[in-house]
Amino acid sequence: MFSIEAFIDQCRGALQSDDPSGTVATLLRDALQDRSEVATAIHEWRANGGGDFGAVHRARDLTILHAVVAPGFESPRHNHTMWAVIGVFEGQEDNTFYQLAEHGIEEVGRTAIRAGDAQVLAPDVIHRIANLMPRPLEAIHVYGGDLLGTERAMWDDDTGAQRRFDFAAPPIPATSN
Ligand SMILES: [Fe+2]
């Protein structure tokens, strides 16, 4: 039985391992073996108020988000500055990857993360996510830091110019967790 509280505890435990992101990916793949259980728990949590920005858990060293992406949506190209693990439980998350180039950024690869899959993104990843399917995409995104309070970058679709990611919550004070 998937429990959000137990999953948070397991992810917090993974931070102490030699390979936190790899350990979180294993935890997510295990949980996603029964996707309907994950969906039920997450939807119940949402129905009971959920959290700001879909944050299931927010701490200085760990963020867990419930991402819901409408059909046809494409995110701006952005970085995280910390490792991430993407686990999809409904639909498919299409990822396009970029790297810094002489003038802006250039595409270096694509991958589709399908329902039931989890994938690690390295701290230096720049990507765009898209839902190209005619149904909602739902995923659990786990990050090795306070994603919502961390200054990071996005790249303008028209000009390619880098600018500050315009979605940020106040950082969590260093005195709390
Ligand atoms: Fe991202």
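Residues numbered from 1 in each chain as written. Predicted model: local features only at pLDDT ≥ 70, side-chain atom pairs only at ≥ 80, totals over all residues. Heavy atoms only, no water.

Engineer: I would appreciate a short explanation of the packing of aromatic side chains in the present structure.
Structural biologist: Note on aromatic pairs: each is described by the distance of the centres and the angle between the planes. A complete count under the given rule lists one aromatic pair for this structure. Between Phe2 and Phe7, the ring centres sit 5.6 Å apart and the planes meet at 45°, which makes this aromatic pair tilted. Across this residue pair, the class does not change: Phe2 and Phe7 are buried. Against the face of Tyr98 rests Arg77, its NZ or CZ located 5.4 Å from the ring centre. Between the NZ or CZ atom of Arg152 and the centre of the ring of Phe165, over which it lies, the distance is 3.9 Å. (Phe/Tyr/Trp six-rings, centres within 6.5 Å; stacked < 30°, edge-to-face > 60°. Buried < 20%, exposed > 50% of the residue type's maximum accessible area, 1.4 Å probe, protein only. Lys NZ or Arg CZ within 6 Å of the ring centre and 35° of its normal.)

Engineer: Whenever I open this one, the sheet that holds strand S9 (residues 137–143) confuses me. Can you help?
Structural biologist: For sheets, the rule is that strands pair by backbone hydrogen bonds, running either parallel or antiparallel. Pairing is antiparallel across the open sheet formed by five strands, whose spatial order is S1-S2-S9-S4-S7. Each edge of the sheet is formed by a strand with only one pairing partner; in this case those strands are strand S1 (55–58) and strand S7 (118–121). Going from strand to strand, the sheet's axes swing by 20° on average, the running direction of each strand aside. The pairing of S1 with strand S2 (residues 63–69) spans three bridges and is classified as antiparallel. Bridged to Ala55 within S2 is Leu65. Contacting S1, S2 and S9, helix H1 (residues 4–14) runs over the sheet at an angle of about 35° to S1. (Pairing = 2+ DSSP bridges. Helix = DSSP H or I, 4+ residues; strand = E, 2+ residues; numbered from the N terminus. Axes fitted to C-alpha atoms, helices over the stretch in contact; angles between N-to-C directions. Contact = heavy atoms within 4.5 Å.)

Engineer: Where do I start with the coordination of the iron ion in this structure?
Structural biologist: The textbook angles at a metal center are 109.5 degrees for a tetrahedron of four donors and 90 or 180 degrees for an octahedron of six. Donor atoms from the polypeptide that coordinate the iron ion comprise His78 (NE2), His80 (NE2) and His127 (NE2), at 2.1 Å from the metal. Taken in sequence order, the residues that donate to the iron ion follow the motif H-x1-H-x46-H. One end of the pair, His80, is in the loop between strand S3 (77–79) and strand S4 (84–90); the other, His127, is in strand S8 (residues 126–130), and 47 residues separate them in sequence. (Donors = N, O, S within 2.8 Å, 3.2 Å for Na, K, Ca; no water.)

Engineer: Which parts of the structure should I look at to understand the pattern of salt bridges?
Structural biologist: Any two side chains of opposite charge can pair, given that their charged atoms come close. In the structure shown here, the tally under the stated rule is seven salt bridges. Arg164 serves as the salt-bridge partner of Glu151, at 3.7 Å between the closest nitrogen and oxygen. In this pair, Glu151 is assigned in the loop between S9 and strand S10 (153–155) and Arg164 in strand S11 (residues 162–164), connecting sequence segments 13 residues apart. As far as the burial class goes, Glu151 and Arg164 line up, both exposed. Each member of the salt-bridge network shares a partner with another, and the members are Glu74, Arg77, Arg128 and Asp157. (Salt bridge = Lys/Arg side-chain N within 4 Å of Asp/Glu carboxyl O.)

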